[in-house]
Amino acid sequence: MKHRRVLRAAVTVAVTGALAAGMTMALTTSANAGTTLRASAAEKGRYFGAAVATGKLSTGAYTTILNREFNSVVAENEMKWDATEPQQGRFSYTGGDRLVSHAQANGMSVRGHALLWYQQEPGWAQNMSGSALRSAMINHVTQVATHFRGKIYAWDVVNEAFADGNSGGRRDSNLQRTGNDWIEAAFRAARVADPGAKLCYNDYNTDGINAKSTGIYNMVRDFKSRGVPIDCVGFQSHLGTSLAGDYQANLQRFADLGVDVQITELDVMTGGNQANIYGAVTRACMNVSRCTGITTWGVRDCDSWRGSDNALLFDCNGNKKAAYTSVLNALNAGPAIPTDPPTDPPTDPPTDPPTDPPTDPPTVGCAASVSLNSWNGGFVATVKVTAGSAGTSGWNVGFTLPSGASVTNTWSATASGSTGAVRFANVNYNGRLGAGQVTEFGFQGTGSASGVTPTCTAS
Ligand code: G2I
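This structure is a prediction, so every number in the text was calculated from the model and none was measured.

Criteria and thresholds
Residues numbered from 1 in each chain as written. Predicted model: local features only at pLDDT ≥ 70, side-chain atom pairs only at ≥ 80, totals over all residues. Heavy atoms only, no water. pLDDT = per-residue confidence, 0-100. Helix = DSSP H or I, 4+ residues; strand = E, 2+ residues; numbered from the N terminus. Contact = heavy atoms within 4.5 Å. Buried < 20%, exposed > 50% of the residue type's maximum accessible area, 1.4 Å probe, protein only. Pairing = 2+ DSSP bridges. Right-handed = clockwise from strand over helix to strand, strands pointing away. Near = heavy atom within 4 Å. Polar contact = N/O pair within 3.5 Å; in protein donor to acceptor, adjacent residues only side chain to side chain. Areas by Shrake-Rupley, 256 points an atom, 1.4 Å probe, with all protein chains shown as cover. Nonpolar A, V, L, I, M, F, W, Y, C, P; charged D, E, K, R; others polar. Axes fitted to C-alpha atoms, helices over the stretch in contact; angles between N-to-C directions. Parallel < 35°, antiparallel > 145°, perpendicular 65-115°, else oblique. Left-handed = near helix turned anticlockwise from the far one by under 90°.

Caption draft 1: Quick peek at the confidence of the model for the chain. Within the chain, residue pLDDT values average 89, and 88% of them lie at 70 or more. Ranking the elements of the chain by mean pLDDT puts helix α1 (residues 2-10) last, at 42, and strand β6 (residues 232-235) first, at 99. Confidence drops under pLDDT 50 across residues 1-24; counting only partners more than four residues distant or on other chains, this segment forms 113 contacts.

Here it is as structure tokens:
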């Protein structure tokens, strides 16, 4: 059984996650600090979240607890690939949009879960491989992250891509078989589509320093050294009856790489230790200044995928369990995330005489530059358009693509032509640029675009 298999594998897990840079978390004021999970977490600069099945939002008892105790939500299933793109190129956002609206109306931030995962792939994608799958996968990331742009605090861009056991390597899947660079290609596409969201890698069985967490650690270190955009690691933390002694040390070593960490799917097997383990996980997060929040994978025991494990903080009647008190106490006792050091006072204005203005003639028209994210058989091009001194009321960028290359998808511009000489015109919201102002658009293609140079014409 799928659930049992995942659960067994998960009992020694940890999760890291990080927050998206550009987005402010919706944190409540401290009116209830000390008495609800959300207010106590917010008081310490953090969020406390729950996985939500959107169908339950119309159940009063469920929503009452959700709104009172949690200031972050994640869709338990509704933002996954099978839900959002059930047929290739046909997108469905009903459940995800409903959750986002609920969050916005109730002062909650939203974690996005998950752009790519080898499970819950729609049937059409399960049957694909190679460059066709690579293209479809990048298109999925681009479309979904674009749809939710500006509304997601942190995205699980890639979920569960590492193998269990001692290899420390990648898990086999049709995604992995498109080439080892599939994860970085996904992160790059997500950054283009939603530059304000924190981009996370999320996995289980990472709740301590072990072969799997070390494999992920090495990937994150490599990404940071090569400038692949990653902001956070999610530690799912589907836990059994004990917690690894180096749980906190493991979070800390990821944080030391320069990413945020988050506990993303916390649930703990019932039994004598449940409350203690919940408390210990919460304390570990509080003790790591880059641990920005905790999410439990559901609200009440009966909402949980773990069924009879009674793994959550509220019983089936909505009563607070001992584990709840343990978490609340740990939130209240923990340190706050340090705030940024005060900025230096403004320095005196320089007394040197002003230098002459630059003598270069201002650029008229516009300039364009391109950066390519390429893989064997395809690419994503991100194009930056900079207006010259007169600004623009519209722009048009041309490329001559090498033979064999073809544009399959464009965002924030309108394409004409797909092979050879192709042109991209502004769309209605990004044509008018002030002097020196910059905008970006992108396109995806098959084949290779290496060496292409854009030409920009302003109107
Ligand atoms: O397996 C627990 C979690 C492990 N980490 C990733 C999470 O995304 C995952 O969540 C679970 C959901 O809690 C389940 O609700 O993912 C499962 C899928 O692998 C979800 O189960 C699925 C059932 O397998 C489907 O039969 C069902 O149609 O839920 C679907 C919607 O209820």
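Once the structure has been displayed, the description carries forward.
Caption draft 2: Local environment of the pairing of strand β4 (residues 154-159). Burial analysis of β4 places six of its six residues in the buried class, the great majority of the element. Of the strand pairs in this sheet, strand β3 (residues 109-117) and β4 are connected by five bridges, and their pairing is parallel. Note that in β4 the partner of Arg111 across the bridge is Ala154. In this region the chain leaves β4, passes through helix α8 (residues 182-193) and returns to the parallel neighbour strand β5 (residues 198-203); the handedness of that crossover is right-handed.

Caption draft 3: Looking closely at the site of the ligand. Every one of the 17 residues lining the ligand counts as a neighbour, but Glu76, Lys80, His113, Glu160 and Glu265 are closest to it. At a separation of 2.9 Å, an oxygen atom of the ligand approaches a polar side-chain atom of Asn77. Residue Gln119 places a side-chain N or O atom 3.0 Å away from an oxygen atom belonging to the ligand. Taken by itself the ligand offers 630 Å² of open surface, and the protein chains cover 70% of this. For the shell around the ligand, the elements supplying multiple residues, two or more each, are α1 and β3. When residues of the shell around the ligand are assigned to their parent elements, the largest contribution, three residues, is made by α1. Taken together, the residues that form the shell around the ligand break down as four nonpolar, eight polar and five charged.

Caption draft 4: Examining the packing of helix α7 (residues 130-147) against α8 more closely. Packing of α7 against α8 brings their axes to within 8 Å, and their N-to-C directions diverge by 30 degrees. In terms of their interaxial angle, α7 and α8 are classed as roughly parallel. For the pair α7 and α8, the crossing hand works out as right-handed. Contacts between α7 and α8 involve Arg134, Met137, Ile138, Val141, Thr142, Ala145 and Thr146 on the former and, on the latter, Trp182, Ala185, Ala186, Ala189, Ala190 and Ala193. Looking at the contact of α7 with α8, its residues break down into 10 nonpolar, two polar and one charged.

Caption draft 5: Geometry of the sheet that holds strand β10 (residues 366-375). Strand order in the open sheet formed by four strands is β10-β11-β16-β13, and the pairing between neighbours is antiparallel. Of all the strands in the sheet, the pair left with one neighbour each is β10 and β13 (406-411). Along the sheet, successive strands turn relative to each other by an average axial angle of 25 degrees, direction set aside. With nine bridges joining them, strand β11 (residues 378-387) and strand β16 (residues 438-446) adopt antiparallel strand pairing. Opposite Gly378, over in β16, you have Thr446 as the bridge partner.

Caption draft 6: Here's a closer look at the sheet that holds strand β17 (residues 455-458). The strand order across the open sheet formed by four strands is β14-β15-β12-β17, and the pairing between neighbours is antiparallel. Across the chains shown, the open sheet's two edge strands, defined by having one partner strand only, are β14 (414-416) and β17. Here the average twist between neighbouring strands, direction ignored, is 20 degrees. In the sheet, strand β12 (residues 395-400) pairs with strand β15 (residues 421-425) via five bridges, with the strands oriented antiparallel. Its bridge partner lying in β15, Val397 is registered against Phe424.

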